[in-house]
Amino acid sequence: MNNFKWWQTGIIYQIYPRSFQDSNNDGIGDIPGIIKRLDYLKEIGIKTIWLSPFYPSPMHDFGYDVSDYRDVHPIFGTMQDFDRLLKKIHEHDMKLIIDLIPNHTSSEHKWFKESRKSSNNPYRDYYIWKDPKSNGKEPNNWLSYFGGAAWEFDKKTEQYYLHQFLKEQPDLNYQNPKVLTEMLKIMDFWLAKGVDGFRVDVICNMWKHPKFPNHPINAKWNGKVPIGKYVLKYTVNQPGTHKIVKAMRKVVDKYSDRVLIGETYLPYEELLEYYGNNDECHMPFNFHLLELKWKASSIKKKVNDYEKILPEGCWPSYALGNHDNKRIASKVGTEKQARIAAMLLLTLRGTPTVYYGDEIAMKNVKIPKNMIQDPPALKQPEIADIVGRDPERTPMQWDKTANAGFSDNGVKTWLPLAKNFKTNNVKSLEANKKSILALFKALAKLRSKNCCLNSGEYKYVPTLQKDIFAFIRFVDDEKLLIILNFGSKKINLDLSKKISGQAKILLSSDMIQKGNVNMSKITILPNLGLVIKIS
Ligand code: NOJ
């Protein structure tokens, strides 16, 4: 093996704990449920689990409103369960990354309960309080991501507090150094327990412009999601943020072999800043592929742009899905293209993060109006279809029994199951040697066995075909050519002038194509991906 770290070479798998496996039949997933499924995760080639929030919370934003950073919500289990999970993960030779939510707490957190008591409470400055304008209105034009103003008036002390998300998620005030000290201590608490790292929630929004100016109008706004009306010039990626991230990295670096990952929805130039000078995030997420239309031309351009701009020593990190975005299988439309997506994610240079269920091509589930749970959808029913995140958070489909093996028969699951779970589930796909799950496993295996895939170089192969994305991954004399056909037409490629040597198909996205390949005439069937060994 080489000198690369586990967080570089291994696949990360995101578990949204409410939706993965229910063990006590309350219709909500939990930690003992996850423990039950570790063998499965190991079996499909996962190295690292990223666990979305499991902390005590009133669940206004399903755990992203934390009321105690050092405990476990009883709905998910106990601290003993968490410790057992961590131990078992390590026994499986896997790693555990947890979600850290430093931008805001729950309004039920003891700091906020104190803070709102009086203007001279010692915790007052833990949050961002401002006087109303002379007309009684909000201090500025900042909006909440979830609808409405980002300011809530608190009658008791006649001031507004800032919340970039729900009013039940007040923003912490990092101009008060005590807040950072508290957050670093929380990180210490979990690192000392042995967690292997953090995924830091809205890492770019922690520092606000100290003068709180109005955001400028966004001339490109499409008139749909209200927060898009402004350019978030004074809340996102403020220079002060980097001081906080550097302090977080220092804590992580006190422990051996841990990782800091940032949630960074940013243009490339700004995203790069979150690597710092190898003293901020080990990996800020690159979400650009997830945000793009599913077209070879756009995807290859984005990958190539990133490859060009990334300084040496900065390691890429890609995701095609998460709990805030439409599922990849729904986005790309067909299972054949979902297979191409899996092949792309698991063969690019950089760490892939897989959202639970994407390995079986789970799709967004249409949620009946009366079952909507996600706050931005509830608060903005007229745009629920655009902002609602319930559809990508439905229970994992394990088997064909009544509740898909997520909860027992007769239990009402917290979100409805996909209608197709009887055929689209882990158990039936495991029985099919050519299923998308089988493909996922084969890709994961290839990735772990071939250094060129898990840590080698990337070289783009131009083809003049707009539907084809081709690239080579290589290290020393190990070389793999990946060709992905995003289109619905068969394409013949002549790569003989660019690539020489013997070529043999190692894996095809339909799990059918095999054999030697003639570089002067490579036939790629519609919607097909190939991994070809060059020797
Ligand atoms: C980003 C998280 O991914 C999302 O689910 C959450 O609602 C917001 N941050 C607020 O914490």
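Just so you know, these numbers come straight off a predicted model, no measurement behind them. (Residues numbered from 1 in each chain as written. Predicted model: local features only at pLDDT ≥ 70, side-chain atom pairs only at ≥ 80, totals over all residues. Heavy atoms only, no water.)

Chemist: Which parts of the structure should I look at to understand the overall build of the protein chain?
Modeler: Each helix and strand counted, the protein chain has 17 helices and 19 strands in total. Projected onto its principal axes, the C-alpha coordinates of the protein chain cover approximately 75 × 50 × 45 Å. In the protein chain, buried positions account for 61% of the 535 residues. For the protein chain, long-range pairs separated by at least 24 residues make up 69% of all intrachain contacts whose partners lie at least 6 apart in sequence. On the protein chain, roughly 22,200 Å² of surface is accessible, and the fraction owed to carbon and sulfur atoms is 50%. Separation between the mean location of the 79 positive side-chain charges and that of the 59 negative ones in the protein chain comes to 6 Å. (Helix = DSSP H or I, 4+ residues; strand = E, 2+ residues; numbered from the N terminus. Buried < 20%, exposed > 50% of the residue type's maximum accessible area, 1.4 Å probe, protein only. Contact = heavy atoms within 4.5 Å. Areas by Shrake-Rupley, 256 points an atom, 1.4 Å probe, with all protein chains shown as cover. Lys, Arg positive; Asp, Glu negative; His and termini not counted. Charge placed at Lys NZ, Arg CZ, Asp CG, Glu CD.)

Chemist: Can you help me understand the pairing of strand S2 (residues 48-51) in this one?
Modeler: On a regular strand, one side chain projects to one face of the sheet and the next to the other, so that they alternate. Along S2, one buried face is formed by Thr48 and Trp50 and the opposite face, lined by Ile49 and Leu51, is buried too. Relative to S2, strand S1 (residues 12-15) runs parallel, the two being bridged by 4 bridges. Bridging from a neighbouring strand, Ile15 pairs with Leu51 of S2. Note that S2 and strand S3 (residues 95-100) share 4 bridges and pair parallel. In the strand pairing of S3, Thr48 is matched with Lys95. (Pairing = 2+ DSSP bridges.)

Chemist: What's the story with the sheet that holds strand S14 (residues 478-485) in this structure? I'm lost.
Modeler: Pairing between sheet strands relies on hydrogen bonds along the backbone, with the strands arranged either parallel or antiparallel. The 6 strands are arranged S12-S13-S14-S19-S16-S17 in an open sheet whose pairing can be described as antiparallel. Each having just a single partner strand, strand S12 (457-461) and strand S17 (516-517) make up the two edges of the open sheet. With 2 bridges joining them, strand S16 (residues 503-508) and S17 adopt antiparallel strand pairing. From the neighbouring strand, Lys504 faces S17, where its bridge partner is Asn516. In this fold helix H10 (residues 296-309) packs onto S12 and strand S13 (468-475), with an angle of close to 30° to the strand it touches most, S13. Strands in contact with helix H12 (residues 335-347) are S13, S14, S16 and strand S19 (529-534); relative to S14, the strand with the most contacts, it is inclined by about 150°. (Axes fitted to C-alpha atoms, helices over the stretch in contact; angles between N-to-C directions.)

Chemist: Even after reading the chapter, I still don't get the packing of helix H6 (residues 177-193) against helix H7 (residues 241-253), so can you show me in this structure?
Modeler: Two quantities define a packed helix pair, namely the angle between the axes and the distance from one axis to the other. With their axes 10 Å apart at the nearest point, H6 and H7 run at an angle of 30° to one another. The angle between H6 and H7 places the two elements in the roughly parallel class. For the pair H6 and H7, the sense of crossing is right-handed. Counting all contacts with H6, which are made through Leu180, Met183, Leu184, Met187, Asp188 and Leu191, the residues of H7 involved are Ile244, Ala247, Met248, Val251 and Val252. Across the contact of H6 with H7, the residue classes break down as 10 nonpolar, no polar and 1 charged. (Parallel < 35°, antiparallel > 145°, perpendicular 65-115°, else oblique. Left-handed = near helix turned anticlockwise from the far one by under 90°. Nonpolar A, V, L, I, M, F, W, Y, C, P; charged D, E, K, R; others polar.)

Chemist: Just checking my understanding: could you explain the domain arrangement of the protein chain for this structure?
Modeler: Interfaces are often sized by the amount of accessible area the parts lose when they come together. Taken as a whole, the protein chain is organised into domain 1 (6-101 + 286-442), domain 2 (110-162) and domain 3 (457-534). When each unit is reduced to the centre of its C-alpha atoms, the spacing between domain 2 and domain 3 is 57 Å. (Domains from an automatic or database assignment.)

Chemist: Would you mind going over the packing of aromatic side chains with me for this structure?
Modeler: The way to describe two aromatic rings as a pair is by their centre distance and the angle between their planes. Taken as a whole and judged by the stated rule, the model has 37 aromatic pairs. Seen in terms of ring centroids, Trp111 and Tyr126 are 5.4 Å apart; in terms of plane orientation they differ by 65°. Their pairing is edge-to-face. Within this pair, whereas Trp111 is found in helix H5 (residues 110-115), its partner Tyr126 is found in the loop between H5 and strand S4 (129-130), the two being separated by 15 residues in sequence. Judged on exposure class, the residue Trp111 and its partner Tyr126 are both buried. Considering the side-chain rings of Trp142 and Trp151, the 6.2 Å spacing of their centres and the 25° angle between planes classify their relative orientation as stacked. Of the residues examined, Trp142 reaches a relative accessible area of 2% and is grouped as buried. Judged by its relative accessible area of 3%, Trp151 is buried. (Phe/Tyr/Trp six-rings, centres within 6.5 Å; stacked < 30°, edge-to-face > 60°.)

Chemist: I'm lost on the site of the ligand in this one. Help?
Modeler: Contacts to the ligand come from 13 residues, most closely from Asp61, Asp201, His323, Asp324 and Arg389. Between the ligand and Glu263, the relevant distance is 3.5 Å, taken from an oxygen atom to a side-chain nitrogen or oxygen of the residue. One of the side-chain nitrogen or oxygen atoms of Asp324 is found 2.4 Å away from an oxygen atom of the ligand. In isolation the ligand has 300 Å² of accessible area, and contact with the protein removes 97% of it. Of the residues contributing to the shell around the ligand, the split by class is 4 nonpolar, 2 polar and 7 charged. (Near = heavy atom within 4 Å. Polar contact = N/O pair within 3.5 Å; in protein donor to acceptor, adjacent residues only side chain to side chain.)

Chemist: Sorry if this is basic, but what is going on with H10 here?
Modeler: An α-helix turns once every 3.6 residues. As a result, residues three or four positions apart point the same way. When the terminal C-alpha atoms of H10 are compared, their 20 Å separation across 14 residues agrees well with the 20 Å that a helix rising 1.5 Å per residue should span. Looking at H10, one finds that the buried residues are Ala296, Ile299, Lys300, Val303, Asn304, Tyr306 and Glu307. Buried residues of H10 fall within an arc of 160° about the axis and therefore sit on the same side. Facing away from the buried side of H10, by more than 90 degrees, are the exposed residues Lys301 and Lys308. Structurally, H10 contributes buried residues whose contacts are with helix H8 (268-272), helix H9 (288-291), strand S10 (317-319), H12, S12 and S13. (Expected span 1.5 Å × (residues − 1). Arc of directions from axis to C-beta.)

Chemist: Just to check I follow, could you spell out the sheet that holds strand S6 (residues 159-162) for this structure?
Modeler: The antiparallel open sheet is built from 3 strands, whose spatial order is S4-S6-S5. Across the chains shown, the open sheet's two edge strands, defined by having one partner strand only, are S4 and strand S5 (151-154). Pairing geometry for S5 and S6, over 4 bridges, is antiparallel. In the strand pairing of S6, Asp154 is matched with Gln159.

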